[in-house]
Amino acid sequence: MSALTVRQVRGRYLTLYGLRWLPTGLMIPVMILLMQERGLSLPQIGLVSTAQGLLVLALELPTGGLADALGRRPVLLTAGAINLASLALFAVADSFWMFFLVWALQGIYRALDSGPLESWYVDATLAADPQAEYEKGLGYAGTVIGVAIGGGALLSGGLIALGPLGPVSALTVPVLAAIIAQAGALVALLVLLVEERPATGFAALRSSVAQAPRMVGQAVGLLRRSRVLLALVAVELFWGFGMVTFESLLPLRLAEVIGDPERAAALLGPASSAAWIANAAGAALTPLLLRWLGAAPGAALLRILQGVTVVGMGLLAGPVGVLVAYLVCYAVHGASNPLHSGLLHRQVDGPYRTSVLSLNSMMAQPAAALGGVVLTAVAAAASVSTAMVVGAVVLAVAAPLYLPAWRAGRRAVADPADPPAVPAQAPAPGAVPAPVPGSADQRAGR
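Thresholds applied
- Residues numbered from 1 in each chain as written.
- Predicted model: local features only at pLDDT ≥ 70, side-chain atom pairs only at ≥ 80, totals over all residues.
- Heavy atoms only, no water.
- Helix = DSSP H or I, 4+ residues; strand = E, 2+ residues; numbered from the N terminus.
- Buried < 20%, exposed > 50% of the residue type's maximum accessible area, 1.4 Å probe, protein only.
- Areas by Shrake-Rupley, 256 points an atom, 1.4 Å probe, with all protein chains shown as cover.
- Phe/Tyr/Trp six-rings, centres within 6.5 Å; stacked < 30°, edge-to-face > 60°.
- Contact = heavy atoms within 4.5 Å.
- Axes fitted to C-alpha atoms, helices over the stretch in contact; angles between N-to-C directions.
- Parallel < 35°, antiparallel > 145°, perpendicular 65-115°, else oblique.
- Left-handed = near helix turned anticlockwise from the far one by under 90°.
- Nonpolar A, V, L, I, M, F, W, Y, C, P; charged D, E, K, R; others polar.
- Salt bridge = Lys/Arg side-chain N within 4 Å of Asp/Glu carboxyl O.
- Core = buried A, V, L, I, M, F, W, Y, C linked by side-chain atoms within 4.5 Å.
- Expected span 1.5 Å × (residues − 1).
- Patch = residues over 30% accessible without salt bridge, like charges linked within 9 Å, V, L, I, M, F, W, Y side chains within 5 Å.
- pLDDT = per-residue confidence, 0-100.

Draft legend 1. Expanded view of the overall build of the protein. When helices and strands are counted, the protein shows 19 helices and 0 strands. Looking at the protein as a whole, 52% of its 446 residues qualify as buried. Of the accessible surface of the protein, which amounts to about 18500 Å², a share of 70% is contributed by carbon and sulfur atoms.

Dropping the structure here:
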């Protein structure tokens, strides 16, 4: 892996990232409709989808520790194979329990897939150049995900418009395309993602699995030792709660201002594609934000701006005003993610990187569930607009949590000789060192 240049690592990462999200884009327009076509009611659809959330919540940390101990490549290949199986089952599922199994497999896939590719990119970049600024690549990834999902959604709509393919219904055709795309993504992973590992075979696998709980425990220990890392992870609590406004409440708000749920649903398809393109455009601004404001001040400002856009979605009159605020909200969202991820990476050394990313991601799960309960209750008791304003306030309140990272960054600039904010713990006596790409000396050079 050290033979790759920074540019080569970034190119491979962005290629794999785009291929990872293309099947998702293909599936977004047809998931709910296809389950309805196969006989599931809306309450049943809600029930089967809980399988994914519960499994992600249960497995997020253990799978992050497994990726840090076993290696990112085997975990990502396993995740891709499970996703391929879930898509194949989705194509033929015709009962509640078959769809429940589909979503359970999706939950396992999401838990395994959360973090390893990004961790590989950061460690591979630092192995190639310890002084490299990997935030730019994270920003480009935000652009790639927007293009991949938006483009996939548009392609899915085009395939549906072509009509049935022999005995295959029009809504099933995009699922077949997603299966082909996922198979291609697996092949690309095999070819492009290279990772140096000191040992292989069953003994190495058994040792890595045994190490996973220790990796998780030490990742959690990092939070106790670093106020900066704790504050950054806490941002996800507010973020997860507030994201309910533009992910779940927007359709209700749009139907409210249009006065016709069917017209609102028709607008949401192209609006969602446009939102992901706006997300990509926002992510493309990451290098400029880093240069003008810096990561922490930029991230804090964007938290406030996103709150403002959600207020606009809740209070502006007419569908045009609501949709413009929605698009701007997603542009801000796209710009925020790379800045937050970059700050997170700066606070943790390689051996625990994926575990910390999983911990950060896991925080959003209960927060989103709580936001769904609280904000829908507010919407029912008062109004959708009131619920959106409440969510907007929660989003903006997270801004001060970036202050510790900003202060730490200023101290690092003032005294470059200072030790890292969170030094890596030494392995326990007798433990097998975690197989992490790049030497410790290369990572310490950051």
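Draft legend 2. Representation of the packing of aromatic side chains. A complete count under the given rule lists 10 aromatic pairs for this structure. Residues tyrosine 13 and tyrosine 121 carry aromatic rings whose centres are separated by 4.3 Å and whose planes lie at 10° to one another, so their mutual orientation is stacked. Here tyrosine 121 lies in helix 6 (residues 116-128) and tyrosine 13 lies in helix 1 (residues 6-27), a separation of 108 residues in the sequence. On the accessibility criterion, tyrosine 121 (1% relative accessible area) is buried. Between the aromatic rings of tryptophan 97 and phenylalanine 100, the centroid separation amounts to 5.6 Å while the plane-to-plane angle is 65°, which identifies the pairing as edge-to-face. In this pair, tryptophan 97 and phenylalanine 100 are both assigned in helix 5 (residues 96-113), 3 residues apart and thus about one turn of the helix distant. Residue classification places tryptophan 97 among the exposed residues on the basis of a relative accessible area of 62%. Classification of phenylalanine 100 as partly exposed rests on a relative accessible area of 29%. Through pairs of rings, three or more aromatic residues link up here, namely Tyr13, Tyr17, Trp21 and Tyr121.

Draft legend 3. Quick peek at the side chain of threonine 125. Topologically, threonine 125 is positioned in helix 6. Among the residues examined, threonine 125 registers a relative accessible area of 1% and is labelled buried. Filtering out sequence-adjacent residues up to four positions away, threonine 125 remains in contact with Val6, Val9, Ala132 and Tyr134.

Draft legend 4. Just the side chain of serine 341, in detail. Structurally, the position occupied by serine 341 is in helix 15 (residues 318-345). A residue is classified by how much of its surface remains accessible, and serine 341, at 17% relative accessible area, is buried.

Draft legend 5. Spatial organisation of the packing of helix 1 against helix 7 (residues 135-161). Two elements in contact, helix 1 and helix 7, have axes separated by 7 Å at closest approach and are oriented at 30°. The orientation of helix 1 with respect to helix 7, classified from their angle, is roughly parallel. Seen along the crossing, helix 1 lies across helix 7 with a hand that is right-handed. Taking contact as the criterion, the partners of Arg10, Tyr13, Leu14, Tyr17, Gly18, Trp21, Leu22, Gly25 and Leu26 in helix 1 are, on helix 7, Gly137, Leu138, Tyr140, Ala141, Val144, Ile145, Ala148, Ile149, Gly152, Ala153, Leu155 and Ser156. For the contact of helix 1 with helix 7, the class distribution of residues is 15 nonpolar, 5 polar and 1 charged.

Draft legend 6. Focus on the pattern of salt bridges. As enumerated under the stated definition, the model contains 3 salt bridges in all. Notably, a salt bridge pairs aspartate 113 with arginine 20, separated by 2.8 Å at the nearest N-O pair. Remark: arginine 20 occurs in helix 1 and aspartate 113 occurs in helix 5; sequence separation between them is 93 residues. Here aspartate 113 and arginine 20 have matching classes, each one buried.

Draft legend 7. Focus on the nonpolar core. Ranked by size, the top nonpolar core spans 54 residues in total, and within it Phe246, Met313, Tyr326, Leu343 and Tyr402 carry the most contacts. Element by element, the count of residues in this core is highest for helix 15, at 11 residues. Once you skip the residues sitting within four places of it in the chain, leucine 343 turns out to touch Leu232, Ala295, Ala296, Ala299, Tyr402 and Ala405. Listed in part, the 27 residues of the second largest apolar core include Val30, Phe90, Phe99 and Val175.

Draft legend 8. Main features of helix 7. The end-to-end C-alpha distance of helix 7 is 39 Å, a good match for the 39 Å that 27 residues give at a rise of 1.5 Å each. Phi turns positive one or two residues past the end of helix 7, at glycine 163, with a value near 90°.

Draft legend 9. Broad picture of helix 8 (residues 173-192). The first and last C-alpha atoms of helix 8 sit 29 Å apart over 20 residues, in line with the 28 Å expected at 1.5 Å per residue. Next to the buried residues of helix 8 lie helix 1, helix 2 (31-37), helix 4 (72-92) and helix 7.

Draft legend 10. Geometry of a nonpolar patch on the surface. A cluster of nonpolar side chains, Trp292, Leu293, Leu301 and Leu305, forms an exposed patch at the surface whose accessible area comes to about 410 Å². Along the chain, leucine 301 falls in helix 14 (residues 295-315). On the accessibility criterion, leucine 301 (40% relative accessible area) is partly exposed.

Draft legend 11. A look at the confidence of the model for the protein. Chain-level statistics for the protein give a pLDDT mean of 80 and a share of 80% at 70 or above. Across residues 418-446, where pLDDT falls below 50, the model places 59 contacts with residues more than four positions away in sequence or in other chains.

Draft legend 12. Highlighting the environment of leucine 232. Structurally, leucine 232 can be placed in helix 10 (residues 227-242). According to the relative accessible area criterion, leucine 232 is buried, its value standing at 0%. In this structure, the C-alpha to C-alpha distance between leucine 232 and alanine 398, residues 166 residues apart in sequence, is 9.3 Å. Once you skip the residues sitting within four places of it in the chain, leucine 232 turns out to touch His340, Leu343, Leu344, Gln347, Asn360, Tyr402 and Ala405.

Draft legend 13. Main features of the packing of helix 7 against helix 8. Two elements in contact, helix 7 and helix 8, have axes separated by 8 Å at closest approach and are oriented at 135°. Accordingly, the angle class assigned to the pair helix 7 and helix 8 is oblique. Of the two possible hands of crossing, helix 7 and helix 8 adopt the one that is right-handed. Judged by residue contacts, Ser156, Leu159 and Ile160 of helix 7 engage Val173, Pro174 and Ala177 from helix 8. Of the residues that constitute the contact of helix 7 with helix 8, the class distribution is 5 nonpolar, 1 polar and no charged.

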